[in-house]
2 protein chains.
Amino acid sequence: MSRPTVNDIAREAGVSLATVDRVLNARPGVRAKTILAVNDAIARLGYVRDLAAANLARSRSYRMVVLLPDSDSQFVHTLAAALQEAAALAAASRTEMDLRRYPPEDMHVLAAHLAGLQPDAVAGVALMAPETPVVRDAVRALRLRGVPVVALGSDLPNAGRDHFVGIDSHAAGRTAGVLMGRFCRGLTGRVLVIADSMLLRDSIERRRGFDEVMLADFPALEVLPTVETHGAPDMLRAVVGERIAATPDLAGIYLLASGHRALAGLLRDRGLLGRFTVIGHELTPHSRAALLAGHLDAVIAQNPGHLARSALRVLRAKADRAPIDEGQEQLRIEVVIRENLPADPAETRRADAA
Amino acid sequence: MSRPTVNDIAREAGVSLATVDRVLNARPGVRAKTILAVNDAIARLGYVRDLAAANLARSRSYRMVVLLPDSDSQFVHTLAAALQEAAALAAASRTEMDLRRYPPEDMHVLAAHLAGLQPDAVAGVALMAPETPVVRDAVRALRLRGVPVVALGSDLPNAGRDHFVGIDSHAAGRTAGVLMGRFCRGLTGRVLVIADSMLLRDSIERRRGFDEVMLADFPALEVLPTVETHGAPDMLRAVVGERIAATPDLAGIYLLASGHRALAGLLRDRGLLGRFTVIGHELTPHSRAALLAGHLDAVIAQNPGHLARSALRVLRAKADRAPIDEGQEQLRIEVVIRENLPADPAETRRADAA
DNA sequence: GAATTTTTGAGGTACGTTCCTCATTTTCAA
DNA sequence: TTGAAAATGAGGAACGTACCTCAAAAATTC
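Residue positions are given per chain, counted from 1 along the sequence in the order it is written. To label them, take the chains in the order written and letter them from A, then take the ligands in the order written and number them from 1. Confidence filtering applies because this is a predicted model: local features only for residues at pLDDT of at least 70, side-chain atom pairs given and counted only at 80 or more, and all residues used for totals across whole chains, interfaces and linings. The side-chain values count all of the structure's non-hydrogen atoms but skip hydrogen atoms and water molecules.

### Considerations on the overall build of chain A
Helix and strand assignments follow DSSP, with helices taken as H or I runs no shorter than four residues and strands as E runs no shorter than two, numbered in order from the N terminus. Of regular secondary structure, chain A possesses 15 helices and 11 strands. Using a 1.4 Å probe on the protein chains alone, a residue whose accessible area is under 20% of its type maximum counts as buried, one over 50% counts as exposed, and one in between counts as partly exposed. Residue burial in chain A is summarised as follows: out of 354 residues, 52% are buried. Within chain A, counting contacts between residues at least 6 apart in sequence, those at least 24 apart form 70% of the total. Every accessible area reported is derived by Shrake-Rupley at a probe size of 1.4 Å, with residue values counting cover from the shown protein chains alone. For chain A, the exposed surface amounts to about 15,800 Å²; the carbon and sulfur share of it is 53%. Charged side chains in chain A number 43 positive and 41 negative. The centres of these two groups are separated by 5 Å. Residue contacts are counted whenever heavy atoms from the two residues lie within 4.5 Å of one another. In summary, the charge assignment counts Lys and Arg as positive and Asp and Glu as negative, without counting His or the chain termini. A single reference atom marks each charge: NZ on Lys, CZ on Arg, CG on Asp, CD on Glu.

Right, dumping it as structure tokens:
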């Protein structure tokens, strides 16, 4: 009738509750034959462990440490907010989050942070960091001490992280390339690429994907060398301004990372708004505003809420040694234009309050 | 130190456990003043109800009925599979799903189905159906009997559903319009629109959004009247074939609903593959194949897995009278092109098995 | 076949909440 | 001031699982 319980399994398998428990929780002291009998009964009855009861009985709680760079990037801010929100929800299932920031320029501080984590006090770690040797070693050491590690937003493939939550930067760059090429259909000209720094793996991969597509499919467009702004708006205005002036046949601008506001300001001042196809990454208040105003044609994004929830869910699964629902944790490479811009979460909250 | 429990609240508020329980579960028989005192204590302690324990104690299980049209549409198939998968996961939290099909041509059968549901045996209903008067009345009656109803994929705004899980068809149509217009940059010509039936609300709204954008922003493109195929591939080949022949300056084709395979076949036979910009809706095995082959330029989609999980989560929240996390339940209008095509879930499973 | 080890059984407590009963106290209106 | 009604307290059982102990049974070794 109703769902079978451990007691039903015991009866069905003709063993005691204690034995069923030993099998279910992989405790020692059970003959292989008995294990099989129990598993048989489980399969016959279609037993599914009641997670609610199990977690309650364990009375275990999970402290997840999340490490983000302490940069003033809007994406990081948005992600931090999404993480807080996800953590508030996760609190109902005994998961708490400890969100920490580290100075983005010094990976030794991050490594020291990781080295200082006590395995018995931390159920898992999610971090967003570039894969430098220092970080790689720190992550490896942490995993050796038994702490699951999830790479957040930016992958750490060679650090042996347990999971990566985020999108494939190379495919994201390709997507940007296709949109740029198609939005510029019929045009012959050049495309300017702007990055914070080409030392970051994400930017490199985006650029690589972008170039691949442009070269193969849109030969009428020539992609210029990357202009680096180091996150400084002034630098962007100066360098990009000079480049625009020097490129009469400019068809498009590809913004690899941040700088939406500075670029919009520059174009506005020069009366160039809407003259080029502009494509960028990540949905932030600035890029959202630019999309709405029509200064920006498309954004390639990942959903920060999804990113945050996935990170916590995956860490929880890893901590429980439970399987992961790949379908649910697969982040999508979103293409956002003005028409499919999702409602602003801040707006929604304001409307709710009213 | 550790998380506060109901007992801590009782102590903090200076009342008994029974009173705390009455307040927490909105049971009658507590003075307003006392309620305030308890809520104060809750806020002071930062109490968060332990869902695991609460659900266990309730030992309530939730039977959700999901009703889908028994059409051979690939989207419905995909959604059904996603629902089964979501239900398997939800089983761990005492939620089971009863997926039923109804003949798509007869809303009276659906209405009878709804009328036959026992409120005490069903915790909630999700249904995908056009908003005919019969359906509207059946939904209203069901809600009056206390069963939460969620509209799935296609909204039922005038039936008073508790929630809509899906995307805004009008905005989806606008998105399709912008892509069509931009992908056809520089061209002057006509756009063919193909629908199963223009009696379906979704198709009407998509078309309306599409037209708005085309008219306002892309005057060089003229949108032709909708061709209806009634879901029949033969009909599509015949009618669309004739229309294509009659339209020498055809620039694009907008597929409002199904028919990806038939259209690809038709274009292939005539040697017209890749000649027009083709934009469609929903990611299915057929549209996926067409994207990969390059016969289809973009698809406007909603994530069926997300749709399924949202539906079950929202029903559960409604059944518990719990608040809904809007951010999480907000479906995105996805733009899918070849470069950001998510991994095929079937492929992933096969790879896992290997 | 005795001694030892391994496996199994029986029974209990705990987790944090829900929901019940019954007794007692407080409040309010007549 | 009294009587009825409303509010509160005290206590306990239950949900399904985890985890503990101790005793009994079975299997293994010499």
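More follows now that the structure is in view.
### Here we look at unusual backbone geometry
All names here are of chain A. Positive phi outside glycine occurs at Ala 26, with the angle close to 55°. Note that Ala 26 resides in the loop between helix 2 (17-24) and helix 3 (32-45). Using a relative accessible area of 71% as the deciding quantity, one classes Ala 26 as exposed.

### As for the pattern of salt bridges
Salt bridge, as used here: a side-chain nitrogen of Lys or Arg that lies within 4 Å of a carboxyl oxygen of Asp or Glu. This structure, assessed with the given rule, holds 49 salt bridges over all chains. A salt bridge links A:Asp137 to A:Arg140; its shortest N-O distance comes to 3.9 Å. Of this pair, A:Asp137 and A:Arg140 both sit in helix 7 (residues 133-144), 3 residues apart, which is roughly one turn of that helix. What makes A:Arg140 partly exposed here is its relative accessible area of 41%. The partner of A:Asp211 in a salt bridge is A:Arg207, with the nearest N and O atoms 3.0 Å apart. Here A:Arg207 and A:Asp211 lie together in helix 9 (residues 201-217), a separation of 4 residues that amounts to about one turn. One salt-bridge network, held together by shared partners, links A:Arg174, A:Arg208, A:Glu212, B:Arg338 and B:Glu339.

### Concerning the protein's contact with DNA strand C
The environment of DNA strand C is formed by 27 residues, the closest being A:Ser16, A:Thr19, A:Thr34, B:Tyr47 and B:Ala57. Working definition: residue near molecule or strand if any one of its non-hydrogen atoms lies within 4 Å of it. Sugar and phosphate atoms represent 72% of those atoms of DNA strand C found within 4 Å of the protein. Within the side chain of B:Arg49, an N or O atom sits 2.8 Å from a phosphate oxygen of DNA strand C. Polarity classes work like this: nonpolar for Ala, Val, Leu, Ile, Met, Phe, Trp, Tyr, Cys and Pro, charged for Asp, Glu, Lys and Arg, and polar for all others, with Gly in that last group. Its residues placed into classes, the surface near DNA strand C shows 10 nonpolar, 8 polar and 9 charged. By the criterion applied in these results, polar contacts are pairs of N or O atoms within 3.5 Å in which, for protein atoms, one can donate a hydrogen and the other can accept it, and in which residues neighboring in sequence qualify only through two side-chain atoms.

### What about the relation of the copies chain A and chain B?
Think of it as a corkscrew move, a rotation about one axis and a shift along it, taking one chain copy to the other. Superposing the copies works by least squares over the C-alpha atoms of residues that have pLDDT at least 70 in both of them. Of the transformation superimposing chain A on chain B, the axial component is 0.2 Å and the angular component is 180°, with the fit at an RMSD of 0.5 Å. Both copies of the chain, as the preceding transformation shows, are related through a two-fold rotation axis. Taking C-alpha positions as the reference, the residue of chain A nearest the rotation axis is A:Ala52, at 2.3 Å. A share of 100% of interface residues in chain A that are also interface residues in chain B marks the association as one of identical surfaces.

### A short note on the packing of helix 1 (residues 6-13) of chain B against helix 2 (residues 17-24) of chain B
Residue and element names in this part refer to chain B. Put simply, helix 1 and helix 2 touch, their axes get as near as 9 Å, and they point 110° apart. With respect to helix 2, the axis of helix 1 lies roughly perpendicular. Residues Val 6, Asn 7, Ile 9 and Ala 10 of helix 1 form the contact with helix 2, whose participating residues are Leu 17, Val 20 and Leu 24. Of the residues belonging to the contact of helix 1 with helix 2, the class tally is 6 nonpolar, 1 polar and no charged. Only C-alpha atoms enter the line fits that serve as axes; for helices the fit covers just the stretch in contact. Angles between N-to-C directions range over 0 to 180 degrees. Any angle that is under 35 degrees is reported as roughly parallel, and any over 145 degrees as roughly antiparallel; angles of 65 to 115 degrees are reported as roughly perpendicular and all others as oblique.

### Observations concerning the interface of chain A and chain B
Contacts between the two partners involve 42 residues from chain A and, on the opposite side, 42 residues from chain B. Reported buried area values correspond to the accessible surface (1.4 Å probe) lost by two parts on association, with both partners' losses combined. Of the roughly 4,000 Å² buried between chain A and chain B, counting both surfaces, carbon and sulfur atoms make up 51%. Remark: the boundary between chain A and chain B carries 7 salt bridges. Here B:Asp297 and A:Arg182 are joined by a salt bridge, their closest N and O atoms 2.8 Å apart. Linking chain A with chain B are 16 residue pairs in polar contact (both at pLDDT 80 or more). With 7 residues, the top contributor of residues to the side of chain A that touches chain B is helix 8 (residues 169-183) of chain A.

### Points about the pairing of strand 4 (residues 149-152) of chain B
Each regular strand shows side chains that alternate between the opposite faces of the sheet. Residues and elements named next belong to chain B. Here strand 4 shows no split at all, with Val 149 and Ala 151 on one side and Val 150 and Leu 152 on the other all buried. Between the parallel pair strand 3 (residues 124-127) and strand 4, the chain is carried across by helix 7 (residues 133-144), and the sense of this crossover is right-handed. Bridging between strand 4 and strand 5 (residues 163-165) involves 3 bridges; their strand directions are parallel. Note that in strand 5 the partner of Ala 151 across the bridge is Phe 164. A clockwise path from the first strand over the helix to the second, with the strands pointing away from the viewer, defines a right-handed crossover. Two strands pair if DSSP finds at least two bridges between them.

### Focus on helix 7 of chain A
All names here are of chain A. The span expected for a helix works out to 1.5 Å for each residue beyond the first. Compared with an ideal rise of 1.5 Å per residue, which puts 12 residues at 16 Å, helix 7 spans 16 Å between its outermost C-alpha atoms and is within 8% of the ideal. Buried within helix 7 we find Val 135, Ala 138, Val 139 and Leu 142. Down the axis of helix 7, the buried side of the element spans an arc of 100°, and every buried residue falls inside it. Where helix 7 is buried, its residues meet helix 6 (107-115), strand 3 (124-127) and strand 4 (149-152). Looking at the residues trailing helix 7, positive phi occurs at Gly 146, about 90°. Note that the arc is computed from the directions linking the helix axis to the C-beta atoms.

### Brief notes about the nonpolar core
A general trend in soluble globular proteins is that nonpolar side chains are found buried together. Nonpolar cores are built from buried Ala, Val, Leu, Ile, Met, Phe, Trp, Tyr and Cys residues. Side-chain atoms within 4.5 Å join them into one set. Counting residues in hydrophobic clusters, the biggest one holds 112 residues, and the most contacted among them are A:Leu68, A:Leu152, B:Leu68 and B:Leu152. Not counting residues up to four positions away in its chain, the partners in contact with B:Leu152 are B:Val66, B:Leu68, B:Leu79, B:Leu83, B:Leu127, B:Met128, B:Val165, B:Leu307 and B:Ala311.

### Focus on the side chain of A:Glu329
Here A:Glu329 is to be found in helix 14 (residues 326-329). Not counting the four nearest positions on each side in its chain, A:Glu329 is found in contact with A:His306, A:Ser310, A:Arg313, A:Val314 and A:Ile324.

### A closer look at the sheet that holds strand 9 (residues 277-281) of chain B
Residues and elements named next belong to chain B. Taken together, 6 strands build an open sheet; the order of strands is 7-6-8-9-10-11 and the sheet is mixed. On the outer flanks of this sheet lie strand 7 (221-228) and strand 11 (334-336), each paired with one strand and no other. Geometrically, the sheet is characterised by an average inter-axis angle of 20° between neighbouring strands, direction not taken into account. Two elements, strand 6 (residues 189-195) and strand 8 (residues 250-255), share 5 bridges in a ladder whose sense is parallel.

### Overview of empty space enclosed by the protein
Think of a 1 Å grid over just the protein atoms. A cavity is a set of points where a 1.4 Å probe fits yet cannot get out, a pocket is an open set with protein on both sides within 12 Å along at least five of seven lines, and lining residues have an atom within 4 Å of a point. Grid points are joined across faces, edges and corners, and a volume is the space filled by probe spheres set on the points. With the rule as written, the count across this model stands at 6 cavities of 30 Å³ or more. For the largest cavity, the calculated volume is near 250 Å³. Every residue lining the largest cavity is counted, 17 residues in all, and those nearest its centre are A:Asn303, A:His306, A:Arg309, B:His306 and B:Arg309. Mapped by element, the contributors of at least two residues to the lining of the largest cavity are helix 13 (304-319) of chain A together with helix 13 (304-320) and helix 14 (326-329) of chain B.

### A look at the protein's contact with DNA strand D
Every one of the 27 residues lining DNA strand D counts as a neighbour, but A:Val6, A:Tyr47, B:Ser16, B:Thr19 and B:Thr34 are closest to it. Here DNA strand D approaches the protein such that, of its atoms within 4 Å, sugar and phosphate make up 73%. At 2.8 Å, a backbone N or O of B:Arg31 approaches a phosphate oxygen of DNA strand D. Interatomic distance of 3.2 Å between a backbone N/O atom of B:Leu56 and a base oxygen of DNA strand D. Counting residues per element, the surface near DNA strand D draws most heavily on helix 4 (residues 51-58) of chain A, at 4 residues.

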